[in-house]
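# Observations on the three-dimensional arrangement
Listed below, chain by chain, are the residues.
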Amino acid sequence: MRLGLALGYWGRGPNPAHLDLATEAERLGYDSVWTAEAWGSDAFTPLTWIAAHTSRIRLGTAIAQMAARTPTATAMQALTLDHLSGGRMMLGLGLSGPQVVEGWYGRPFPRSPLTATREYVDVIRQVLRREGPVTLDGRFHSHPYTGPDGTGIGKALKPITHPLRPDLPVLLGAEGPKNIAQTTRIADGWLPLYWSPTRTDVYQAALTDLPKGFVIAPMARARVCKDVAEGLLPVKAMLGFYIGGMGHAARNFHADLMARMGYAEEARRIQELFLAGRREEAVLAVPDAFADEISLVGPRERIAERLELWRAGPVTDLLVTAPDPDTLRVLAELNS
C-alpha cells in the first residue's frame, strides 16, 4: 500500500505549511501529494507550485470539480502540468453536488450524473490520446456544440500541444454504488470519500471484477497523539460540515453514504442540528466510533495496529491528511 499526502483546499488563505509538508513527504518516500477545491482556492495552481519545488513525488487532484471547467479545459490543465512536472500528473475528478454546482458555478446539476461523468471522461481521454479531433454526440458535452443557441459553425479540433502521456491516470470521486461501479469501467482509479477498513462490504458489489492495476485511494485523517478523543475532534468537525452542510436536507450524498455505512440515525441528527444553526452540537453528534474507523489517530502503537487493517484490504494508496511532519514520518516508518 502506497502512501500519499492529501492537502485539501485552502481555508481563509493559503496554508503556509503545505509546501513544507509536501517536500517532507517526498523526502520520506511518499508516492503522491494531492490538492482539492471547493468554492475558494482551485486545485491546479497549488499543485503546480508544489511541482516546481519537488522532483519525484506524483501530483494529483482529489478532487477537481467537473462543473468548474469544460472537459477540454480540464484536459488542457492536466496535460500542461504533466509536461511541466515530467509526467507526474494524476487527474482526480468529481461531480460535487447540486448546491455547489448550481449555487457556486451557476450551472444545472446534471439530471443524469452517470452520463455526464461518462461523457466528461470520454472527452478528456480523446484529448490525451490525440488520435483525431474531439467529437462526441453527447447529452451534456457535445463536441462540436450543436445546441439551438449555437452558431452552427463549430469545428472539431484536436490539441495543438502533444500530450506527454496518452494514458495519464484519471480517477473519480464517486459515492453511490452505481457511480462506483461505472468508475471501475471508465477510470483508472477511485477516490473514496470515507473508507472504513472494517466495512468493505459496503462497496463489495460495486467493486467486482476490478481491472488490473485499478487504484483505490481513500483519504484518512492521521495524527500521532496521546489523547484519541482530542485527536478525533478535527475528523468530527470535517464530518459535521460535510454531512450537515455540504448538501440540501433532502439531497446530501455525504449523509447518504454515512447512512449506508450503518449510521443512518446519526447522519439525520447531524443534518438537523447543522441546518438549525447548531453547528457545535452537530460536530459533537458525530459518533466517535465512525470518526475513528475512517481515520488513524492515537499513539504510535495504536496507529500501527489499525494500519494493518488498511493494508489487509483492497486499498492500493492511502491518502493521508496529516497536520505535522512527525505524523508523516511515523506512518512512513510503519508502512515500510
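Anything mentioned here points back to the structure above.
Anyway, here's the lowdown on the structure attached to this text. Just so we're clear, the structure is a prediction, and the values are computed from it rather than from any experiment.

## Here we look at the environment of serine 55
- For serine 55, the position within the fold is in the loop between helix 2 (44-52) and strand 3 (58-61).
- Under the relative-accessibility criterion, serine 55 is labelled exposed at 63%.
- Residues serine 55 and glycine 86, spaced 31 residues apart in sequence, show a C-alpha to C-alpha distance of 8.5 Å.
- Here serine 55 is in contact with Glu26 and Arg88, once residues within four sequence places are set aside.

## Things to note about the pairing of strand 3
- In the sheet, strand 2 (residues 32-35) pairs with strand 3 via four bridges, with the strands oriented parallel. Residue pairing across strands places serine 32 opposite arginine 58, the latter belonging to strand 3.
- Handedness of the crossover joining strand 2 and strand 3 through helix 2 is recorded here as right-handed.
- The pairing of strand 3 with strand 5 (residues 89-94) spans two bridges and is classified as parallel. Paired with glycine 60 across the strands is methionine 90, a residue of strand 5.

## A word on the pattern of salt bridges
- This model, assessed by the stated rule, comprises 17 salt bridges.
- With a closest N to O distance of 3.6 Å, arginine 269 and glutamate 272 form a salt bridge. With arginine 269 and glutamate 272 both in helix 9 (residues 264-275), this residue pair falls three residues apart, about one helical turn.
- Arginine 278 is paired through a salt bridge with glutamate 281; the nearest N and O atoms lie 2.8 Å apart.
- Look at arginine 278 and you get partly exposed, because its relative accessible area is 37%.
- Its relative accessible area of 38% is what places glutamate 281 among the partly exposed residues.

Definitions and limits used
- Residues numbered from 1 in each chain as written.
- Predicted model: local features only at pLDDT ≥ 70, side-chain atom pairs only at ≥ 80, totals over all residues.
- Heavy atoms only, no water.
- Helix = DSSP H or I, 4+ residues; strand = E, 2+ residues; numbered from the N terminus.
- Buried < 20%, exposed > 50% of the residue type's maximum accessible area, 1.4 Å probe, protein only.
- Contact = heavy atoms within 4.5 Å.
- Pairing = 2+ DSSP bridges.
- Right-handed = clockwise from strand over helix to strand, strands pointing away.
- Salt bridge = Lys/Arg side-chain N within 4 Å of Asp/Glu carboxyl O.

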